[in-house]
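Inside the fold
Letter by letter, the chains look like this.
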Amino acid sequence: MSARPKITALYAENASPGSIRNEITKARATRDRWQRHVDELARLLDTRLGQIDAGTWPPTPDHATEETTR
């Protein structure tokens, strides 16, 4: 994911409304990508905690070998 760009004094003084709108659009797209990433991690965590509660994680060596050969 991309790093947050700095808003320089030169940009702040000279940027057109269209340029600012474009930066807002790009920033929102980056935010949305990060939010999807966070959501995926939260789902993974929920799944993993359910597996732990069910006693199916961490996989046993026999189970792990069985999974890789499927």
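Now for a look at the structure at hand. (Residues numbered from 1 in each chain as written. Predicted model: local features only at pLDDT ≥ 70, side-chain atom pairs only at ≥ 80, totals over all residues. Heavy atoms only, no water.)

1. So, the layout of surface pockets
Our working definition: Using only the protein atoms, space was sampled on a 1 Å grid; points where a 1.4 Å probe fits but cannot get out form cavities, open sets with protein on both sides within 12 Å along at least five of seven lines form pockets, and lining residues are those with an atom within 4 Å of a point. Grid points are joined across faces, edges and corners, and a volume is the space filled by probe spheres set on the points. What counts as a helix is a DSSP run of H or I of at least four residues, what counts as a strand is a run of E of at least two, and both are numbered from the N terminus. Each residue gets one label: Ala, Val, Leu, Ile, Met, Phe, Trp, Tyr, Cys and Pro are nonpolar, Asp, Glu, Lys and Arg are charged, and the others, such as Gly, are polar.
Within this model, the largest pocket holds a volume of roughly 410 Å³. Around the largest pocket sit 16 residues that line it, and Arg4, Pro5, Ile7, Glu23 and Ala27 are the ones nearest its centre. With eight residues, the top contributor of residues to the lining of the largest pocket is helix α2 (residues 17–54). Across the lining of the largest pocket, the residue classes break down as eight nonpolar, three polar and five charged.

2. Description of unusual backbone geometry
If a residue is not glycine, its phi is most likely negative; likewise, a peptide bond is most likely trans. The omega torsion across tryptophan 57 and proline 58 is 0 degrees, close enough to zero to call that bond cis. Relative to the assigned elements, proline 58 resides in the loop between α2 and α3 (61–69).

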